[in-house]
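# Structural features, examined
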Amino acid sequence: MFRHILIPLDGSVLAESALPVAEYLSRVLGARITLIHVIEKDAAPSIHGERHLTRHEEAEVYLEQIRRRAFPAGSPVALHVHESAVKNVAQGIVEHQDELTPDLIVMCSHGRGGFRDLLFGSIAQQVITSGRVPVLLVRPQATESEEHFECRSILAPTDGRSNHEKGLLTAARLAQATHARLNLIAVAPTLETLGGRPAATGRFMPGATRAMLEMVEDELRSYLEGMAERFQEEGVPVTAIVGRGDPAALIARNAETTHADLIVFGTHGKAGTKAFWAHSVGARLLAQTSRPALLVPIR
C-alpha cells in the first residue's frame, strides 16, 4: 500500500484541510509523510485571504508548526521547502515526485467553486494530469471543527474495462488495510444519456441501441460480480450495484446514500485540462460530490 505521502501546503487554512485525511492514512498504513512548500516567484502578498509565504525561513517555521499541531509526537514527518522560487508551483510539485519519490499526494482543492474550479486549470489539476502518482483530493472544510477523518466506506466506480482495473485494485487494497466496506458501482447509459456518435445511432435505430445497452448492462453486472467475489475471497466486505442513467450523477448520488468516506477511481488525467473536464466522467463526478476522491492514474 502507500508508504510515502506528500502533502503540498501553501500556508492557507484551506490547504490544511488535507491534513486529517493524510494523518489518518499515515497512521493506519504506517506511511511516512513529507510536508512540502514550493515558493512562488513574484507571488501575490496574500493567498485565499491569508499572507503568502514567500521566504524560505518563514516557510520552514510554518511547516514545523504544522508538524507539531497535526501529527502525534514521533510521527515520521519530514519537511521540505524548495530552495528557489519558481514561476509554476504545480510543475514544482510534479518535479519533486522524482526527488522525493512519494507514492501518494494528498492535497486540498481551493476556490469557492469547488472541484470544477479545481479541475479547470488549478494547481491540483495540473498535478493530476502529470499522470504518475495517485492524487487524493480533499474539499476545503466547511467548518474548523471537521478535523477528524476515518475510512469506513469506500466507493469504487468502474466502467468495466480491464485497463481501468487498477482503480478497483487500489480501492480493494485500501479497504483491506482500513477495514472499510467496499462498494463497487458501474453505470450503463440509457438511450437518453448517450452522447456523440452512439446518440446519433440511437435516434435512427432505437430498438437495436436499446438491445445493445441491455447487453452492456449485463456485461457490467457480470464483471462486477466477478470482482466482488474476488475481493470477498481476500476478506474485503463488498457490495456491487449496476445502474442505468448518467454515470456521474448516479455515482455521486450513491456516494451520499452509502455515506462513502472516500471515492476511488482510475483516470486518464494526462488528457489535458480542457479535454479532462469536457469528456471525463471522473471530472463530472468531482463536480457533483464533496467526498474526498482518490484519483489513480491509468497508463
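So, here is what we can say about the structure in this document. Here the residue index of a chain counts from 1 through its sequence in written order. Residue-level local features of this predicted model are given only where pLDDT is at least 70; pairs of side-chain atoms are given and counted only at 80 or more, and the full residue set underlies all totals for whole chains, interfaces and linings. Working from all heavy atoms in the structure, the side-chain values ignore hydrogens and water.

### Things to note about the nonpolar core
To qualify as a nonpolar core, a set must consist of buried Ala, Val, Leu, Ile, Met, Phe, Trp, Tyr and Cys residues joined through side-chain atoms within 4.5 Å. Burial classes follow relative accessibility: with a 1.4 Å probe on protein chains only, a residue under 20% of its type's maximum area counts as buried, one over 50% as exposed, and anything between as partly exposed. With 56 residues, the main nonpolar core has L35, L182 and L184 as its most contacted residues. Once you skip the residues sitting within four places of it in the chain, L35 turns out to touch I7, L9, L19, L63, I66, R67, F71, V77, A78, L79 and H80. Counting residues in hydrophobic clusters, the runner-up holds 29 residues, among them I93, I105, A252 and L286. Two residues qualify as a contact provided that any one of their heavy atoms is within 4.5 Å of a heavy atom in the partner residue.

### Considerations on helix α3 (residues 89–100)
Put simply, DSSP marks the helices as runs of H or I at least four residues long and the strands as runs of E at least two long, and each gets a number from the N terminus on. One less than the residue count of a helix, multiplied by 1.5 Å, gives the span that helix is expected to have. When the terminal C-alpha atoms of α3 are compared, their 16 Å separation across twelve residues agrees well with the 16 Å that a helix rising 1.5 Å per residue should span. When α3 is considered as a whole, its buried residues turn out to be V89, A90, G92, I93, V94, H96, Q97 and L100. Positive backbone phi, approximately 50 degrees, marks T101, located one or two places after α3.

### Considering the sheet that holds strand β6 (residues 104–108)
For two strands to pair, DSSP has to find at least two bridges joining them. Pairing is mixed across the open sheet formed by ten strands, whose spatial order is β5-β2-β1-β6-β7-β12-β11-β8-β9-β10. A strand with exactly one partner marks an edge of an open sheet, and here the two such strands are β5 (77–81) and β10 (238–244). For this sheet the average axis-to-axis angle between neighbouring strands, irrespective of direction, equals 20 degrees. Sheet topology note: the β6/strand β7 (residues 135–138) ladder contains four bridges and is parallel. Paired with I105 across the bridge in β7 is V135. Between the N-to-C directions of two axes lies an angle of 0 to 180 degrees, each axis being a line fitted to C-alpha atoms and, for a helix, fitted only over the stretch in contact. Docked against the sheet, helix α2 (residues 56–70) engages β2 (32–37) and β5, running at close to 160 degrees with respect to β5. Helix-sheet contacts for α3 involve β1 (4–8), β2, β5 and β6, and the interaxial angle to β2 is about 140 degrees.

### Observations regarding the packing of aromatic side chains
Pairing of aromatic side chains requires ring centres within 6.5 Å, counting the rings of Phe and Tyr and the six-membered ring of Trp. Pairs whose planes differ by under 30 degrees are stacked, by over 60 edge-to-face, and all others tilted. Counted under the stated rule, the structure contains one aromatic pair. Aromatic side chains Y24 and F149 sit 5.4 Å apart centroid to centroid with 80 degrees between the ring planes, which places their arrangement in the edge-to-face category. With a gap of 125 residues between them, Y24 in helix α1 (residues 19–29) and F149 in the loop between β7 and β8 (153–157) connect regions that are remote in the sequence.

### Some points on the side chain of S12
In this structure, S12 sits in the loop between β1 and α1. Residue S12 is classed as buried on the basis of its relative accessible area of 0%. A distance of 2.7 Å separates the side chain of S12 from the side chain of D10, its partner in a polar contact. Under the rule applied, a polar contact is a pair of N or O atoms within 3.5 Å (in protein, one hydrogen donor and one hydrogen acceptor; residues adjacent in sequence only if both atoms are side-chain atoms).

### As for unusual backbone geometry
Residues other than glycine seldom take positive phi values, yet H179 does so here, at roughly 60 degrees. Looking at where H179 falls in the secondary structure, it is placed in the loop between α6 (165–178) and β9 (181–188). Despite not being glycine, H259 has its phi angle at roughly 55 degrees, a positive value. By the secondary structure assignment, H259 is in the loop between α9 (247–257) and β11 (262–267).

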